[in-house]
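Working through the structure, step by step
This is what each chain is made of:
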Amino acid sequence: EPEVTQTPSHQVTQMGQEVILRCVPISNHLYFYWYRQILGQKVEFLVSFYNNEISEKSEIFDDQFSVERPDGSNFTLKIRSTKLEDSAMYFCASSEAPSGSSYNEQFFGPGTRLTVL
Amino acid sequence: QQQVKQSPQSLIVQKGGISIINCAYENTAFDYFPWYQQFPGKGPALLIAIRPDVSEKKEGRFTISFNKSAKQFSLHIMDSQPGDSATYFCAAPLLPNNAGNMLTFGGGTRLMVKP
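It should be emphasised that the depicted structure is a prediction, and the values quoted were computed from it without experimental measurement. (Residues numbered from 1 in each chain as written. Chains lettered and ligands numbered in written order. Predicted model: local features only at pLDDT ≥ 70, side-chain atom pairs only at ≥ 80, totals over all residues. Heavy atoms only, no water.)

**Some remarks on the pairing of strand β6 (residues 56–59) of chain B**
Residues and elements named next belong to chain B. Spelled out, the test is: Two strands qualify as a pair provided DSSP detects at least 2 bridges between them. Secondary structure follows DSSP: runs of H or I at least 4 residues long count as helices, runs of E at least 2 residues long count as strands, and numbering of each begins at the N terminus.
In this sheet, strand β7 (residues 62–67) lies alongside β6 in antiparallel orientation, the contact comprising 4 bridges. Bridging from a neighbouring strand, glutamate 59 pairs with phenylalanine 62 of β7. Joining the antiparallel neighbours β6 and β7 is a turn of 2 residues, in which glycine 60 adopts a positive phi near 65°.

**Quick notes on the interface of chain B and chain A**
The following threshold applies: Any pair of residues with heavy atoms lying within 4.5 Å of one another is described as a contacting pair. Summed over both partners, the accessible surface that disappears when two parts come together, traced with a 1.4 Å probe, is what is meant by buried area. The rule for a salt bridge is simple: a side-chain nitrogen of Lys or Arg has to be within 4 Å of a carboxyl oxygen of Asp or Glu. Throughout this description, a polar contact denotes any pair of N or O atoms lying within 3.5 Å of each other; where both atoms belong to protein, one of them has to be capable of donating a hydrogen while the other can accept it, and for residues adjacent in sequence the pair is counted only when both atoms sit in side chains. All amino acids are sorted into three groups, where Ala, Val, Leu, Ile, Met, Phe, Trp, Tyr, Cys and Pro are nonpolar, Asp, Glu, Lys and Arg are charged, and the leftover types, Gly among them, are polar.
Taken residue by residue, the interface counts 24 residues in chain B and 21 residues in chain A. It is Asn101(B), Met102(B) and Phe105(B) that lose the most area in chain B upon contact with chain A, and together they represent 31% of the buried surface on that side. Applying the counting criterion to the chain B and chain A interface returns 0 salt bridges. Inspection of the region where chain B meets chain A yields 3 residue pairs in polar contact (both at pLDDT 80 or more). Of all elements in the fold, only β4 (33–38) and β10 (103–105) of chain B reach the threshold of two or more residues within the side of chain B that touches chain A. In terms of residue count, the dominant contributor to the side of chain B that touches chain A is β10(B) (3 residues). Partitioned by chemical class, the residues of the side of chain B that touches chain A number 10 nonpolar, 11 polar and 3 charged.

**Focus on the sheet that holds strand β8 (residues 72–77) of chain B**
Residues and elements named next belong to chain B. Under the convention used in this document: Angles here are taken between N-to-C directions and fall from 0 to 180 degrees, while the axes themselves are lines fitted to C-alpha atoms, restricted in helices to the stretch in contact.
With antiparallel pairing, the 5 strands of this open sheet are ordered in space as β1-β3-β8-β7-β6. Of all the strands in the sheet, the pair left with one neighbour each is β1 (4–7) and β6. Across this sheet, the average inter-strand angle for adjacent strands is 15°, counted without regard to direction. In terms of strand pairing, β1 meets strand β3 (residues 19–25) through 4 bridges, oriented antiparallel. Pairing of serine 7 across the sheet is with asparagine 22, part of β3.

**Points about the environment of Thr87(B)**
All names here are of chain B. Mapping threonine 87 onto the fold places it in strand β9 (residues 86–93). Separated by 12 residues in sequence, threonine 87 and leucine 75 have C-alpha atoms that sit 12 Å apart. The contacts of threonine 87, once residues within four sequence positions are left out, are Tyr36, Gln37, Gln38, Gly108, Thr109 and Arg110.

**Focus on the nonpolar core**
Applied cut-off: Side-chain atoms within 4.5 Å are what join buried Ala, Val, Leu, Ile, Met, Phe, Trp, Tyr and Cys residues into a set we call a nonpolar core. For every residue, the accessible area (1.4 Å probe, protein chains only) is compared with the maximum for its type, and the residue is labelled buried under 20%, exposed over 50%, or partly exposed between those bounds.
Counting residues in hydrophobic clusters, the biggest one holds 24 residues, and the most contacted among them are Phe33(B), Trp35(B), Phe73(B), Leu75(B), Tyr88(B) and Leu111(B). Within the residue set of this core, elements represented by two or more residues are β2 (10–14), β3, β4, β5 (45–50), β7, β8, β9 and β11 (109–114) of chain B. The element contributing the most residues to this core is β9(B), with 4 residues. Here Leu111(B) is in contact with Leu11(B), Val13(B), Ser19(B), Ile77(B), Asp84(B), Ser85(B), Ala86(B) and Tyr88(B), once residues within four sequence places are set aside. If you look at the next biggest cluster of nonpolar residues, it comprises 21 residues, including Leu21(A), Phe75(A), Leu77(A) and Val116(A).

**Quick word on the pattern of salt bridges**
Residues and elements named next belong to chain B. Enumeration according to the criterion identifies 3 salt bridges over all chains in this entry. Salt-bridge contacts for lysine 57 lead to glutamate 59; the nearest nitrogen and oxygen are separated by 3.6 Å. The partly exposed category is assigned to lysine 57, whose relative accessible area is 32%. The class for glutamate 59 is partly exposed, based on a relative accessible area of 37%. Between arginine 61 and aspartate 84 there is a salt bridge, with the nearest N and O atoms lying 2.8 Å from each other.

Next comes the structure, spelled out in structure tokens:
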């Protein structure tokens, strides 16, 4: 069964450093997402990406964040200058392109735990 | 945008019992309400979903009950098993007409089923 994969599973970094989180979405999916989950809290939407551009982004997704699809398979989230409060589990998800107003299931990866010291 | 509020935060049920988790939403323009199950160290996985044109949807031991007038929907797990122990999230589309296919999640319910 196809699945979303994410690397690394755990990333430890110093405050102010740049990190890149990597995701390989399901191959025939066209919509890609990043969510984050601070320990013990709910899953929060960060950004969606379609047709090589950002489709929607939340207030959390400020100028420190960027996303990219550098090749035909990877989807990355970059945090330019990490802060302590960026420590969280980051989930990548993908889905087929929505058809009209119908919702398509999102498939989540196992997450990358980011720890900022 | 949509907000969903979930309760309880945690739930302990004996094996064989019924687990009930509730969720309230704000905007009646939204038409897709999924429940996600998350095991420790894993990403959320879709468990069951409902559209508001029906009041109930059942898949095996899992049932969603939907009350449009009260703007609430709930997850019922019948004959709860220790393997059901996980965190459950209700969710809803973030924007009207499912624009962008994005989700907003409830706060989560940590379910523990005791053997």
